[in-house]
Amino acid sequence: MAKIRRIHLKSKKYIPVPGVSPGSIQLYEGSLQPKITAYSYGVSAYHCENLESLDELDQHFKKHPTLTHWIDIRGIGDLGLYDYFEKKFKVHKLVLEDIANIQQRPKIDEYDDYLFAVSRMLYVDAELEIENEQMSFLLFPKVLFSFQENYTDTVEPVIHRLEQGKGNIRISGTSYMLYSLMDIIVDNYFTLIYKLGDELETIEELLYRKPDKTLMYQTQSIKRAMIMIRRAAWPERDKMNDMIRSESKLIHKQTKPFLKDTYDHCMQVIDLVESYKDVTTSLIDMNLSFISNRMNEIMKVLTIISSIFIPLTFIAGVYGMNFAYQDPETGKILKHNMPELYSENGYLYTMGVMLVIAIMQMIYFWRKGWLSNK
Amino acid sequence: MAKIRRIHLKSKKYIPVPGVSPGSIQLYEGSLQPKITAYSYGVSAYHCENLESLDELDQHFKKHPTLTHWIDIRGIGDLGLYDYFEKKFKVHKLVLEDIANIQQRPKIDEYDDYLFAVSRMLYVDAELEIENEQMSFLLFPKVLFSFQENYTDTVEPVIHRLEQGKGNIRISGTSYMLYSLMDIIVDNYFTLIYKLGDELETIEELLYRKPDKTLMYQTQSIKRAMIMIRRAAWPERDKMNDMIRSESKLIHKQTKPFLKDTYDHCMQVIDLVESYKDVTTSLIDMNLSFISNRMNEIMKVLTIISSIFIPLTFIAGVYGMNFAYQDPETGKILKHNMPELYSENGYLYTMGVMLVIAIMQMIYFWRKGWLSNK
Amino acid sequence: MAKIRRIHLKSKKYIPVPGVSPGSIQLYEGSLQPKITAYSYGVSAYHCENLESLDELDQHFKKHPTLTHWIDIRGIGDLGLYDYFEKKFKVHKLVLEDIANIQQRPKIDEYDDYLFAVSRMLYVDAELEIENEQMSFLLFPKVLFSFQENYTDTVEPVIHRLEQGKGNIRISGTSYMLYSLMDIIVDNYFTLIYKLGDELETIEELLYRKPDKTLMYQTQSIKRAMIMIRRAAWPERDKMNDMIRSESKLIHKQTKPFLKDTYDHCMQVIDLVESYKDVTTSLIDMNLSFISNRMNEIMKVLTIISSIFIPLTFIAGVYGMNFAYQDPETGKILKHNMPELYSENGYLYTMGVMLVIAIMQMIYFWRKGWLSNK
Amino acid sequence: MAKIRRIHLKSKKYIPVPGVSPGSIQLYEGSLQPKITAYSYGVSAYHCENLESLDELDQHFKKHPTLTHWIDIRGIGDLGLYDYFEKKFKVHKLVLEDIANIQQRPKIDEYDDYLFAVSRMLYVDAELEIENEQMSFLLFPKVLFSFQENYTDTVEPVIHRLEQGKGNIRISGTSYMLYSLMDIIVDNYFTLIYKLGDELETIEELLYRKPDKTLMYQTQSIKRAMIMIRRAAWPERDKMNDMIRSESKLIHKQTKPFLKDTYDHCMQVIDLVESYKDVTTSLIDMNLSFISNRMNEIMKVLTIISSIFIPLTFIAGVYGMNFAYQDPETGKILKHNMPELYSENGYLYTMGVMLVIAIMQMIYFWRKGWLSNK
Amino acid sequence: MAKIRRIHLKSKKYIPVPGVSPGSIQLYEGSLQPKITAYSYGVSAYHCENLESLDELDQHFKKHPTLTHWIDIRGIGDLGLYDYFEKKFKVHKLVLEDIANIQQRPKIDEYDDYLFAVSRMLYVDAELEIENEQMSFLLFPKVLFSFQENYTDTVEPVIHRLEQGKGNIRISGTSYMLYSLMDIIVDNYFTLIYKLGDELETIEELLYRKPDKTLMYQTQSIKRAMIMIRRAAWPERDKMNDMIRSESKLIHKQTKPFLKDTYDHCMQVIDLVESYKDVTTSLIDMNLSFISNRMNEIMKVLTIISSIFIPLTFIAGVYGMNFAYQDPETGKILKHNMPELYSENGYLYTMGVMLVIAIMQMIYFWRKGWLSNK
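Residues numbered from 1 in each chain as written. Chains lettered and ligands numbered in written order. Predicted model: local features only at pLDDT ≥ 70, side-chain atom pairs only at ≥ 80, totals over all residues. Heavy atoms only, no water.

S.K.: Residues and numbers for the overall build of chain A, please.
M.R.: Helix and strand content of chain A: 9 helices and 10 strands. Computed over C-alpha atoms, the radius of gyration of chain A comes to 37 Å, more than 25% over the 21 Å expected from 2.2 N^0.38 for 374 residues, which places it beyond the range of a compact globule. On the principal axes, the C-alpha backbone points of chain A span a range of 130 × 40 × 30 Å. When each of the 374 residues of chain A is scored for burial, the buried share is 61%. For chain A, long-range pairs separated by at least 24 residues make up 68% of all intrachain contacts whose partners lie at least 6 apart in sequence. For chain A, the centre of its 44 positive side-chain charges and the centre of its 48 negative side-chain charges are spaced 3 Å apart. (Helix = DSSP H or I, 4+ residues; strand = E, 2+ residues; numbered from the N terminus. Rg over C-alpha atoms; globule rule 2.2 N^0.38 Å. Buried < 20%, exposed > 50% of the residue type's maximum accessible area, 1.4 Å probe, protein only. Contact = heavy atoms within 4.5 Å. Lys, Arg positive; Asp, Glu negative; His and termini not counted. Charge placed at Lys NZ, Arg CZ, Asp CG, Glu CD.)

Following this line, the structure appears as structure tokens:
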């Protein structure tokens, strides 16, 4: 029998402290120290280097002046990080706050020198918790910075492609790299949806056999997960649209058909989510009606057995009564008050009457359709 | 009695592997080898030829230089296919990926030299599974390529009309052929909807007689099928609208009133689907209330019988008690503790009291309306 | 007591055969032979003539060259009809197909020489079936053709007004005649809605007294009828709007305020339908809660009676037991195992205990509020 | 204890007779004879006069040539009224029909010489019926006509202000007077909503104590009343918007900020209605779950008592059986078939076993949590 | 065990008296006397002064002619306040009415010399009541007035920042101060949502263990609170949008990115509210199905015990009957009517039969799955 695994939505709350100066950085609890990897590439060149700190970056840029850079930062729990970007790259305070505030909706904000984008990474981790991680991007003409909450290797395949020089990835500048990362994030939505969809199918199968509190609970969890995915996919779609229509020079023209493709994927994600949401709704409806059906079944058994035997027991009770008209003095029975008891075939007749009553009731129940197993 | 057949939504999943290079072709599991048929036609000419491979196409075009061509490709499970179109026709990689990724929503994408369109074919196959098949089109000025997932003969009537030269089909260029194929796909939606609608009517009839777990399950299946059709029809409608408003020269002006007609059909499909969805919702509601009604009926039987006989049985029990004030030594009865037992008509009186109680209860239940059969 | 009549939605299905040449006419099953009446009128002239066939039309036009004509065609089941319009009036094939395909949504299509419009007539016929009939119009500068599915006399009052020359009807050209016909169709929506609304009120009244499977079924039918009316009224409204904004010379300027009036009526229809739909929803909700309430009542009766008498019966059963410590040899009773049985007032005490138990239970139930009749 | 009063939606149906000439006046059943009051005012002048008939109007205007006039007409059940306006003021037939047809939605129609506006007055009358009355306005440069269905004094405060010359009312022309009347109508919506809201609070309080069929019915009535208010407020809002954006000279520029204020009030009405509608929905949900909870309680009592005593009664029944192996001739007992009956402590042991069974069941139910009162 | 606290929505009703002159001030019941604090600041200057009355304001402005002023007014229950602003600052009557009418939706109104804005402050007070307080703003080039209903210290952190000169707050004029106040109000929405969200989690946990009337009631309260927050956040979002797009010189260009940030926060609030609303809906659904599940459990216990013991009791009853064919004269038993009673092993056989019946029933119930604890 298929086993149902418990799906759980991980929730990390970044609760903004009301009234702090806007643009002031507030690290969320449990944020990680940054790990920085610099990927520098050109048509035929590819370098990958782990940096100890952002201060090595200057030197790194100087080393590869003609190459395109993608600086992959995982872990955002260091105030120095934000300082660096404010001073070196003149990034607006509010943008830095948004990188630290991990509750952003997917969006793209255009600034004079750079673009700021947010995506939401959704995936199931080993403990079956659904992670909802924020990935932010700063897009400069020659450098792309990506900021990831955790150390997870979700974007590994992009790095692999970059390493191997497959496809357009090394040729088409930073905006194509930005697209590649966003695209893999959306592709991961499909993986998650299908995983949840498989669970739903198992639940449906089990439910049809036997309604169950746990199945109901699990269905509700999946429904919520679906709603969460939709909540990420809608603004993701809008973001893609904004990028396609953007007139910023930072987004190269040849990247746009690819963004359109990701836009279509977002639409497909939303469609799938809606389908599965409808499935959960119908499962919940079916569960309710199955429970009611079961109750009917239980009640029918009770009613049939009680209705047949309670009247019979009454009859038996009657003939267990001790009525006898006795002489109060001698105790001698003057008259048989219940002559049936003392007739020759009283017992047989009584049993016969009982049988007739039982059979009539059975016929009644059978005609009501209560004896069939459904 | 009408029999309910089990409707099933076939689901083929094309799960995009996250991170593969965009535009790289990924064949779905169970995809079929292409079968190619070339139809070449003019006002008075008509040739139909099965091609072994796409390489024969060049030769074929040369043979009929003045004719219009429709190349009907069924089965898309061959990487060579995609290669051919990329090299010979300079089709964009993402378009080819969309042909292979069979989860596209209906859409029309305009490129400089060609149009790319997707339709979704929905039909019930022999095993009562609802197929949701993708049909893609590449529209060039003189050639139309169509890519179908399976070998099904859904578009047969169009071929028949082409063969017989009926209507405008041979005169009006490739965009009219594209319209003809799309139109037959939308017409098939009606066939499917009415088939499902007939099932619904049977279910409603059965349900009114007796609520049933299987009927409920079946209703939910049909509801989901309706939602699936709507999900295909909405973007289909948008696609039609895009084609009507398109300024591409590939879509001839005289085709547009026909596209408007298909647009209207899409609207009718959506209307019908909404109607039937409402029917399913009301069936589910009715099922729930019917189950509750049945429960009421069952409980009434139990309550009436128990309420009447349980008190009577109690009385019988009382007079089955062995109370007697005896002399502990001799066992002689000193006093009749329960004088009713030894009175002359105790039994008759008791039976009379029981009858009165039973009749009073019957009157009570009759006034409550519990004795009527409804 | 008000009686509930069964409302039924008549459904005629025109199932398009997939793949027939677009514009080819397909008569629906049960379509009727056309009956043609020609009304010719001017400010002071009025002629009404039944025509045998459309071929007499030419002659008719010649007879009244200065008058305005309305050709009222009822019954559309004759292929010759469509031929005639294609050849004589150069009407587009798709328009003719739309006249024959009786599932059109209300719409207005503008062509160079004429306008094509569709309305949906909704009314209850004698057998309480709701008819959903299509009426199509071809508007030429001096002639209006109307195509009605059945022979029903729904537009009779317009003919009457025309005959009597009341109002603007004879003065204001063909577009005013088109408006008059459309307006009466929308007015009939009100009649239908109020008829259904009256049924709803009766149902509500009955429901409050006693929940019932048939009432539920009837409510659902009315809900569906309401949805059907809304489905006709929305595109009707859009059609009115299109006509008001149309720049076609075929729609005279002075007709437009009247069209605006019909537009307002459509809005009122939609409002009314929404109101009544809300009523059906609340009836369904109330029905469910009434059923549950009844169940509660039934269960309370069962519980009270069972709870009181089952323990008492147990006590009676105890004192019906035959325990007695006898000498195995002589059968002489050595000891009264159940001394209560043989005590002087055992019976009275037992009855007293039973009474106390019963009274305590009554108090318990009374405090729970289960003894009140609600 | 708070008492629940029965709220009732009064429904007057103006059923348009299909096919009457558009613009022909049809008086609704029970319409009242007009009572006419003429208010004439200037910055420092104020006259109020009851007119016998509209024919006195000409004379009245002549008497106060420089003043602004508001002619307050209550009761619209006189065909002469409509005649007068058609002839004297050249008001369009359709406008007059709209005044008589009391089912109009709030709207503003601009004509060359005048504006026609409709508002809907909603209020609870003395018998707790919610009235939905139509008030129509004809706005001319120097005269405002208002047409009210009934004789109710809803606009009294405006007359009072006019009399006392408070605020801008005497200075700012007819459009400000129109605004004042519309504003008071919208203000009355609040009064009605809060009255209904107070009922809801009482219901909620009662419901929490005890679910009840009448409460449910009342909640549904209030829900419908809320929907009716929303149905008036939405087009009222649109009307306000149309008036603000109107370029008609009849609406003075300085009136517009006031109209904006009424627009905001409409939005607040809609907000409040939505809030209360949500409350009704949650009350209905809670009622259902409360009923189910009660059922659970009832069933628990039944189950506990039955489960404990039915097995015990069985045991008692067993020892009430008369088994004894007797010599068929002499009736002498050869063997005690049920030796327990004749053992020394059989009775005690049996009672002990019964007690143990009862206690075990109590423990079972206690651990299930069925003994707690919730 | 987590304890559920009762959440309550405080409702203060400002019921507009219909018909009062528009712009006339009506103080709500319980409104407070104003407390006025004047904050005057520049890049390096900061003064904070409590004013006795608004009359001291003139003098205050003169004292700090070059500084920017924020006049923080808490408590709006003084008619003199409104007089002052009408006379000194020529504020429109309707604006002043809106300040007093504490039911405004968030909005921004532009006037020639000033802007008028409304925000809604939502927070939980000490007694766990959710306060919904109105804060209004009048923005002049050098002075910002804020009007708060109560004396609550919600904006304290802004004052703190102003005092300490942190961030841009002292540099960026009145529109930045307006933004700061609005921003802290929106930030407080998050605090409230998370507080409610924590309650929801506790409820969910408790609910899974045991459905409960109080939990249901609490869930409904939280749902309503969520709806109330959404009702504040939507127009708040629109207000932000209006301010961003406003061309008024009163809103400085450099404030706009900050307003965009608050706009994003509003969107996040709406998203969160939707998520939690879905959670409440699923809790209500789950509660209903849990109650039904419990009922099933209870009924199963009743059915199993009744079904097993009722037939057995019947058998025991049969053998408790006193049938015996006696000589009416002597009372001598002529024939054993119930020979089983007098056979050698009758008792054993009967007990055996009972056991078999019980075991068969147990098997039946076990196969139905009713014996498992779920």
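S.K.: Give a detailed account of the pairing of strand E4 (residues 68-74) of chain D, specifying residues and quantitative values.
M.R.: All names here are of chain D. The element E4 is largely enclosed, with a buried count of 7 among its 7 residues. Two elements, strand E2 (residues 35-41) and E4, share 7 bridges in a ladder whose sense is antiparallel. Residue Ile36 lies in a different strand from E4, and its bridge partner there is Ile73. (Pairing = 2+ DSSP bridges.)

S.K.: Got a sec to walk through the interface of chain C and chain D? Specific residues and values, please.
M.R.: A common way to state how big an interface is: give the accessible area lost once the parts meet. If you look at the interface, chain C gives 72 residues, while chain D gives 66 residues. A combined buried area of about 6,100 Å² lies between chain C and chain D, and 59% of that area is made up of carbon and sulfur atoms. Glu297(D) serves as the salt-bridge partner of Lys368(C), at 2.8 Å between the closest nitrogen and oxygen. Applying the counting criterion to the chain C and chain D interface returns 15 residue pairs in polar contact (both at pLDDT 80 or more). The set of elements that each furnish at least two residues to the side of chain C that touches chain D consists of helix H4 (156-164), helix H5 (173-209), helix H7 (256-318), strand E9 (325-326) and helix H9 (346-368) of chain C. (Buried area = accessible area lost by both parts, 1.4 Å probe. Salt bridge = Lys/Arg side-chain N within 4 Å of Asp/Glu carboxyl O. Polar contact = N/O pair within 3.5 Å; in protein donor to acceptor, adjacent residues only side chain to side chain.)

S.K.: So, the UniProt feature "transmembrane region" (unreviewed entry) in chain A: which residues are in play, and what are the values?
M.R.: UniProt marks residues 301-326 and 346-366 of chain A with the feature "transmembrane region" (unreviewed entry), using the numbering shown here. Note that residues 346-366 of chain A is 100% helix and 0% strand, and that its end C-alpha atoms are spaced 30 Å apart. (UniProt positions renumbered as here; feature names shortened; annotations may be inferred.)

S.K.: Let's hear about the relation of the copies chain A and chain E: which residues, and what values?
M.R.: By a simple turn and slide, chain A fits onto chain E: the slide is 0.1 Å along the axis, the RMSD is 0.1 Å, and the turn is 72 degrees. On this basis, the relationship between the two copies can be described by a five-fold rotation axis. For chain A, the minimum C-alpha distance to the rotation axis belongs to Gly320(A) and amounts to 4.6 Å. In this assembly, only 17% of the residues forming the interface of chain A have copies in chain E that are likewise at the interface, indicating a heterologous arrangement. (Least-squares fit on C-alpha atoms with pLDDT ≥ 70 in both.)

S.K.: Which residues make up the pattern of salt bridges, and what are the values?
M.R.: Under the definition given, this model contains 85 salt bridges over all chains. Among the ionic pairs, Lys63(C) bridges to Glu49(C), the shortest N-O distance being 3.2 Å. On the criterion of sequence distance, the pair formed by Lys63(C) in helix H1 (residues 57-63) and Glu49(C) in strand E3 (residues 46-51) is long-range, its members being 14 residues apart. Accessibility expressed as a relative area gives 25% for Glu49(C), which makes it partly exposed. The partner of Asp72(E) in a salt bridge is Arg74(E), and the shortest N-O contact between them spans 3.0 Å. A relative accessible area of 0% places Asp72(E) in the buried class. A residue is classified by how much of its surface remains accessible, and Arg74(E), at 10% relative accessible area, is buried. Salt bridges linked by common partners bring Asp98(A), Lys107(A), Asp109(A), Lys260(E) and Asp264(E) together as one network.

S.K.: An account of the interface of chain A and chain E is requested, with residue identities and associated values reported.
M.R.: Chain A puts 65 residues into the contact, and the matching count from chain E is 73 residues. Interface area, chain A with chain E, both sides summed: about 6,100 Å², of which 59% is carbon and sulfur. Counting the contacts that link chain A with chain E gives 6 salt bridges. For the salt bridge of Arg105(A) with Asp271(E), the shortest nitrogen-to-oxygen distance reads 3.1 Å. In this structure, the connection of chain A to chain E is made through 15 residue pairs in polar contact (both at pLDDT 80 or more). If you list the elements that add at least two residues to the side of chain A that touches chain E, you get helix H3 (93-100), strand E5 (107-110), helix H6 (213-245), helix H7 (256-318), helix H8 (339-342) and helix H9 (346-367) of chain A.

S.K.: Give me the pairing of strand E7 (residues 129-139) of chain A: which residues, what numbers.
M.R.: Residues and elements named next belong to chain A. Of all 11 residues that make up E7, 11 are buried, and the element is covered over most of its length. What you see with E7 is no split at all: Glu129, Glu131, Glu133, Met135, Phe137 and Leu139 on one side and Ile130, Asn132, Gln134, Ser136 and Leu138 on the other are buried throughout. One ladder, built from 2 bridges, connects strand E1 (residues 8-9) with E7; its direction is parallel. Residue pairing across strands places His8 opposite Glu129, the latter belonging to E7. The sheet contact formed by E7 and strand E8 (residues 143-148) spans 5 bridges and is antiparallel. Bridge pairing in E8 links Leu139 to Leu144. Between E7 and the antiparallel strand that follows it, E8, lie 3 residues.

S.K.: So what about the relation of the copies chain C and chain D? Which residues, and what values?
M.R.: Relative to chain D, chain C is turned by 72 degrees and slid 0.0 Å along the rotation axis, the superposed coordinates differing by an RMSD of 0.1 Å. Interface overlap between copies is the fraction of interface residues in one copy that are interface residues in the other; for chain C against chain D it is only 15%, indicating separate surfaces.

S.K.: I'd like to hear about helix H3 (residues 93-100) of chain E, residue by residue, with values.
M.R.: Among the 8 residues that make up H3(E), 7 are buried, leaving the element largely enclosed by the rest of the structure. If you check which residues of H3(E) are buried, you get Leu94(E), Val95(E), Leu96(E), Glu97(E), Asp98(E), Ile99(E) and Ala100(E). Buried residues along H3(E) sit in contact with helix H7 (256-318) of chain D together with helix H2 (79-88), strand E5 (107-110), strand E6 (115-124), strand E7 (129-139) and strand E8 (143-148) of chain E.

S.K.: So what's going on with a nonpolar patch on the surface? Which residues, and what values?
M.R.: Residue and element names in this part refer to chain A. Taken together, the side chains of Leu355, Ile359 and Ile363 make up a nonpolar region of the molecular surface, amounting to roughly 280 Å² of accessible area. By secondary structure assignment, the location of Ile359 is in helix H9. Judged by its relative accessible area of 45%, Ile359 falls in the partly exposed class. (Patch = residues over 30% accessible without salt bridge, like charges linked within 9 Å, V, L, I, M, F, W, Y side chains within 5 Å. Areas by Shrake-Rupley, 256 points an atom, 1.4 Å probe, with all protein chains shown as cover.)

S.K.: Describe the side chain of Ser40(A), with residues and values.
M.R.: All names here are of chain A. With respect to the helices and strands, Ser40 occurs in strand E2 (residues 35-41). Within the structure, the side chain of Ser40 is placed 2.9 Å from the side chain of His69, a separation counted as a polar contact. Residues in contact with Ser40, not counting those within four places in the same chain, are Ala45, Tyr46, His47, His60, His64, Leu67, Thr68 and His69.

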